[in-house]
Amino acid sequence: MPILFAIILDICLGDPPNRFHPTAWMGNLIALLSRFRPYNCPAAELAYGGLLMLISLTLILGIGLGLDYLFSHLPLPLNWLLTAMVLKTTFSLRGLDRAAGEVQSALEQNDLPKARHLLSWHLVSRDTSQLSEDQVVGATIESIAENASDSLLAPLFFFIVGGLPLALAYRFANTADAMLGYHDLEHEWFGKIPARLDDFLNFIPARLTGLFLVCAAAIIGNASAKKSMKIMLRDAHLTSSPNAGFPMSAMAGAISVELEKVDHYRLGAGLNKPQIANLRQARRLYILTAGLIVLVFTPLAYFFR
């Protein structure tokens, strides 16, 4: 029941302001500890990155265990509600769809500069200033697919496995990877352990998300489950991430578009260039996928928790 309650809270209320959001607090903690990091010594940078994760995850797990213990002594309906309120902060269903919808709206108004800005502001870390319309659409679709795993299925998966402690720990690890896991001079060694931990944690969720997208494509009228599975099996390994390629290539096949990040990968090569109509289609597929995830995970959580 906490998963269902958390989804309802997300749909009805969305995300709380940053000053009240645990993910923002996690980001502040990472930024604070990063101030004391070493430079110009790969071994020291690697060790400090690992120490940062050890200290932070110990703290996060302790908080999660404390909340689990506290809530377990409350009447069941209140236990479920409070657990749902905390769990909701580890994922974002409404927020992701709203962000994609803002990009779509800008494109429908023929405001490409605004669409580029919204894409970089809400969804991706890459430079968007020179992207064409089809590249903006493609990057938005990629973000929808990847975040179906990172920002929805994975937190719920770890909640089933280990309750609030693991759901919060996953959200911290994913946030640390987003802040530190870059292949540049400043982060190559310092961010290596956060990046590798995130890769490990997302191994199962990313592949499950790909399968859920295939199932959703089988239900929705204008998508192809067969092509979704085919492209996922063919192209999932083409991304530098060992995980992101699974939901993205499944989405590419489902809506028959080619998703390309220039000089990095082409998923669904030979399919159609992304158009605004495909973005609408991707958003509908994402919502249906989210519904299937909740439909499957809610009874699982009740059984295992």
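Residues numbered from 1 in each chain as written. Predicted model: local features only at pLDDT ≥ 70, side-chain atom pairs only at ≥ 80, totals over all residues. Heavy atoms only, no water.

Draft legend 1. Broad picture of unusual backbone geometry. One non-glycine residue, asparagine 110, lies in the positive phi region at around 60 degrees. Along the chain, asparagine 110 falls in the loop between helix H5 (94-108) and helix H6 (112-122). Unusually for a residue other than glycine, serine 256 sits at a positive phi of about 55 degrees. Considering the arrangement of structural elements, one finds serine 256 in the loop between helix H11 (245-254) and strand E1 (259-261). (Helix = DSSP H or I, 4+ residues; strand = E, 2+ residues; numbered from the N terminus.)

Draft legend 2. Up close: the packing of H5 against helix H7 (residues 133-180). Here H5 crosses H7 at 170 degrees, and the two axes come no closer than 10 Å. Between H5 and H7, the interaxial angle falls into the category roughly antiparallel. Facing H5, whose interface residues are Leu96, Ala100, Val103 and Leu107, H7 presents Glu133, Val136, Val137, Thr140, Ser143, Ile144, Asn147 and Ala148. Each residue belonging to the contact of H5 with H7 can be placed in one class, and the counts come to eight nonpolar, three polar and one charged. (Axes fitted to C-alpha atoms, helices over the stretch in contact; angles between N-to-C directions. Parallel < 35°, antiparallel > 145°, perpendicular 65-115°, else oblique. Contact = heavy atoms within 4.5 Å. Nonpolar A, V, L, I, M, F, W, Y, C, P; charged D, E, K, R; others polar.)

Draft legend 3. Examining helix H2 (residues 22-34) more closely. Taking 1.5 Å of rise per residue, 13 residues should cover 18 Å, and H2 covers 18 Å from first to last C-alpha, within 8% of that figure. Where H2 is concerned, the buried positions are Pro22, Met26, Gly27, Ile30, Leu33 and Ser34. Seen end-on, H2 carries its buried residues on one side only, within an arc spanning 150 degrees. Looking at the buried side of H2, the elements it contacts are helix H3 (42-72) and H7. (Expected span 1.5 Å × (residues − 1). Buried < 20%, exposed > 50% of the residue type's maximum accessible area, 1.4 Å probe, protein only. Arc of directions from axis to C-beta.)

Draft legend 4. Quick peek at H6. Looking at H6, one finds that the buried residues are Ala115, Leu118 and Leu119. What you see down the axis of H6 is that its buried residues fit within an arc of 100 degrees, all on one side. For H6, the exposed residues set more than 90 degrees away from the buried face come down to Pro113 and Trp121. If you follow the buried residues of H6, they end up packed against H5 and H7. At the N-terminal boundary of H6, the capping side chain belongs to aspartate 111, with an oxygen 3.2 Å from the backbone nitrogen of lysine 114. (Polar contact = N/O pair within 3.5 Å; in protein donor to acceptor, adjacent residues only side chain to side chain.)

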